[in-house]
Amino acid sequence: MMLVSFFLLLLSVDLAFSMDNCSYQYLLKHLNMTSKNDLYSMSRPVKYHGDPTEVYLDMLIYAILDVKETEQTFISYIWIYMGWKNEHITWDTSEFCGLESIVVPGDHLWKPDIIIEEMTEEKKAPASPYLSIDSGGYIERRTNQVLSSTCKMQVYKFPFDIQTCNISFKSNIYPIEEMMLQHSLSSEKITLWSKRLIAQNEWVFVSITAKNITVDTFGYEQSKIVYTIKMKRRSILYIVNFLMPIMFLLCLDLATFLMSDTGGEKLGFQITLLLAVTVMQLLLNEILPSTSDRVPLIAVYCIGIFALMMLSLLETIVVMYLIEKDSQDNEAERDRSLNEKKLTRALICDASSDETPSEMLKGSSSQMTGVSHTSEKLPDDLREVVKTLAQLIDSRKDEVRPGYWTKMTKKINRVYFVFYITASSLFLVFIFGNWNNN
């Protein structure tokens, strides 16, 4: 009986000991990580200082939150994975009930001092405070964060533009001899996974590429990973809200050729169209950055249409001026011709009768038909004078015929209409051809 009790006691002790081996606490005690250990946190986790620490870094993009063209910033929500080996941490899984990994606070271990070169603001999402360690000493860190980074925008083809923004990772202080950065996933796999995760909004995610480069930083070389994000703008809203309204304004300006040039309605309508295009240009100025290397095509589009409308307005002003000039010339010519006829008749009648010239000027218009009959009764010298005056009056009528400038304005309108159609068509073909050119 005592022997059986002894075996039971040994069995219970062995069972309790084996159960204690299966706990995380026992593993932490074995690794001397129950408290902060300077061996794990003070320096790079290598046994020989000449061996570099290889850090594997992969990035996926969850969402393109915003692209601010005027501020040249790109805001995204990204997922970052980092992994490296700590040569001071290993254990045999068979001694700990097959325990292959453990999660510990990040403050207990050394971590790579990775920075993002393009970052302009502190991360808004809190980083995970824990690290995962496997039995071979490989450490993993996963973080999500909202990243605001600089990005040089190419807005020449706005709103049909494709932007590329870089996110570069490198060590803040370690040279390439001490820390090497590598990416474990290919660009094709990163693009495929990101497309599955990303939430589409104004921007359509196209692709993401990763490459390892070596840079010279203040005299010593460092390893760097550059992720290049390529995205395309959804242009449908800009077409509907901006490009088409300006095109409609151009069509309305073209329709003013059907309006009469004699009134002021055409002139006022064209001025209103010019003001509408000016308002659209002011809205465009708030969208596009002022640091663009080239004038955006959409700005050329607005300026070109504004110039065509301005030429149309100037043509209307010239035509209205000529019509007004023609009207004034006709009135003056009628008054001068009537006075000359009265004066001629007064001279003729003064020579053939005893009536005074003033009395003849007050005569009715019906009596003026007798000038030709009266002139036949005059002496030869006076008849020559009358004939000369009549030829002078006729020559003045030929010089400025009634309606001359009015006829010229019709020709001007026809010529300018052909020019307007041709110039508008060529300009639009040029603009949309450049937009469509890859």
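Everything that follows concerns the structure shown earlier in this document.
Residues numbered from 1 in each chain as written. Predicted model: local features only at pLDDT ≥ 70, side-chain atom pairs only at ≥ 80, totals over all residues. Heavy atoms only, no water.

A.B. asks: What am I meant to see in the sheet that holds strand β3 (residues 101-105) here?
C.D. replies: The pairing of strands in a sheet comes from backbone hydrogen bonds and takes either a parallel or an antiparallel form. Pairing in this open sheet of six strands is mixed, and the strands run β3-β5-β6-β2-β1-β8 from one edge to the other. Each end of this open sheet is capped by a strand with a single partner; those strands are β3 and β8 (179-182). Within this sheet the neighbouring strands show an average axis-to-axis angle of 30 degrees, counted without direction. Note that strand β1 (residues 53-68) and strand β2 (residues 73-85) share 11 bridges and pair antiparallel. Across the sheet, the residue bridging to V67 is F74, located in β2. (Pairing = 2+ DSSP bridges. Helix = DSSP H or I, 4+ residues; strand = E, 2+ residues; numbered from the N terminus. Axes fitted to C-alpha atoms, helices over the stretch in contact; angles between N-to-C directions.)

A.B. asks: Please explain a nonpolar patch on the surface as it appears in this structure.
C.D. replies: A contiguous nonpolar surface patch, about 500 Å² in accessible area, is contributed by I236, L237, V240, M244 and F248. Mapped onto the elements of the fold, F248 is located in helix α5 (residues 236-255). (Patch = residues over 30% accessible without salt bridge, like charges linked within 9 Å, V, L, I, M, F, W, Y side chains within 5 Å. Areas by Shrake-Rupley, 256 points an atom, 1.4 Å probe, with all protein chains shown as cover. Salt bridge = Lys/Arg side-chain N within 4 Å of Asp/Glu carboxyl O.)

A.B. asks: What am I meant to see in the sheet that holds strand β9 (residues 203-217) here?
C.D. replies: The strand order β4-β7-β10-β9 describes an open sheet built from four strands, whose pairing is antiparallel. Strands with a single pairing partner mark the edges of an open sheet, and in this sheet they are β4 (114-116) and β9. Shown here is a sheet whose adjacent strand axes are inclined to one another by a mean of 20 degrees, direction ignored. The strands touched by helix α4 (residues 187-197) are β9 and β10 (220-233); relative to β9, the strand with the most contacts, the crossing angle is about 140 degrees. (Contact = heavy atoms within 4.5 Å.)

A.B. asks: Hey, could you run me through the side chain of S187 in this one?
C.D. replies: Relative to the helices and strands, S187 resides in helix α4. Polar side-chain contacts of S187 include one of 3.0 Å to the backbone nitrogen of A210. With residues near it in sequence (within four places) discarded, S187 still touches I208, T209 and A210. (Polar contact = N/O pair within 3.5 Å; in protein donor to acceptor, adjacent residues only side chain to side chain.)

A.B. asks: Just checking my understanding: could you explain the pattern of salt bridges for this structure?
C.D. replies: When the charged atoms of two side chains with opposite charge come close together, those side chains can pair. Per the stated rule, a full pass over the model turns up six salt bridges. R233 serves as the salt-bridge partner of D161, at 2.8 Å between the closest nitrogen and oxygen. Taken together, the residues D161 in the loop between β6 (138-150) and β7 (162-171) and R233 in strand β10 connect sequence positions 72 residues apart. As far as burial versus exposure is concerned, D161 and R233 are alike and both buried. Salt bridges sharing common partners tie together E69, D161, E202 and R233. (Buried < 20%, exposed > 50% of the residue type's maximum accessible area, 1.4 Å probe, protein only.)

A.B. asks: Where do I start with the state of the cysteines in this structure?
C.D. replies: When the sulfur atoms of two cysteines share a covalent bond, that bond is a disulfide. Overall, the coordinates contain one disulfide when judged by the stated rule. For C151, the disulfide goes to C165, at an S-S distance of 1.9 Å. Of note, the bridge from C151 to C165 carries an S-S torsion of about -85 degrees and is left-handed in sense. Of the two residues, C151 sits in the loop between β6 and β7 while C165 sits in strand β7, which places them 14 residues apart along the sequence. The exposure classification of C151 matches that of C165, with both residues buried. (Disulfide = S-S within 2.5 Å.)

A.B. asks: Which parts of the structure should I look at to understand the side chain of T316?
C.D. replies: Tracing the chain through its elements places T316 in helix α7 (residues 297-352). Within polar-contact distance, the side chain of T316 engages the backbone oxygen of S312 at 3.0 Å. Not counting chain neighbours up to four residues away, the residues in contact with T316 comprise K266, L267 and Q270.

A.B. asks: Teacher, can you tell me more about the pairing of β9 here?
C.D. replies: Working note: regular strand, side chains alternate between the two faces of the sheet. Where β9 and β10 come together, 14 bridges link them in antiparallel fashion. Opposite F205, over in β10, you have M231 as the bridge partner. Where β9 folds back on β10, the antiparallel hairpin that results is connected by two residues, among which F218 adopts a positive phi of roughly 55 degrees.

A.B. asks: When you look at the packing of α5 against helix α6 (residues 265-285) in this model, what are you seeing that I'm missing?
C.D. replies: Where α5 meets α6, the closest approach of the two axes is 10 Å, and the angle between their N-to-C directions is 165 degrees. In terms of their interaxial angle, α5 and α6 are classed as roughly antiparallel. Between α5 and α6 lies a crossing whose hand is left-handed. Judged by residue contacts, N241, F242, P245, I246, L249, L252 and D253 of α5 engage F269, Q270, L273, A276, V277, M280 and L284 from α6. (Parallel < 35°, antiparallel > 145°, perpendicular 65-115°, else oblique. Left-handed = near helix turned anticlockwise from the far one by under 90°.)

A.B. asks: Can you help me understand α4 in this one?
C.D. replies: In an α-helix there are 3.6 residues to a turn, and that puts residues three or four apart on one side. Residues S187, I190, T191 and S194 constitute the buried set of α4. The buried residues of α4 occupy an angular sector of 100 degrees when projected down its axis, which confines them to one face. In this structure, α4 carries E188 and R196 as exposed residues pointing more than 90 degrees from its buried face. The inward-facing, buried residues of α4 abut β1, β9 and β10. (Arc of directions from axis to C-beta.)

A.B. asks: Whenever I open this one, the nonpolar core confuses me. Can you help?
C.D. replies: Soluble globular proteins: nonpolar side chains tend toward being buried together. If you look at the biggest cluster of nonpolar residues, it comprises 83 residues, and the most contacted ones within it are F74 and Y301. Excluding residues that lie within four positions of it along the chain, Y301 makes contacts with L243, I246, M247, F427, L428, I431, F432 and W435. (Core = buried A, V, L, I, M, F, W, Y, C linked by side-chain atoms within 4.5 Å.)

A.B. asks: Quick question: what am I supposed to make of unusual backbone geometry here?
C.D. replies: When glycine is set aside, most residues are seen to have a negative phi, and most peptide bonds are trans. With an omega of 5 degrees, the peptide bond between F158 and P159 qualifies as cis. Relative to the helices and strands, P159 resides in the loop between β6 and β7. Phi is positive for Q72, which is not a glycine, with a value near 55 degrees. Looking at the secondary structure, you find Q72 in the loop between β1 and β2. Overall, Q72 belongs to the buried group, its relative accessible area being 16%. Notably, F218 is not glycine yet its phi reads approximately 55 degrees, a positive angle. By the element assignment, F218 lies in the loop between β9 and β10.

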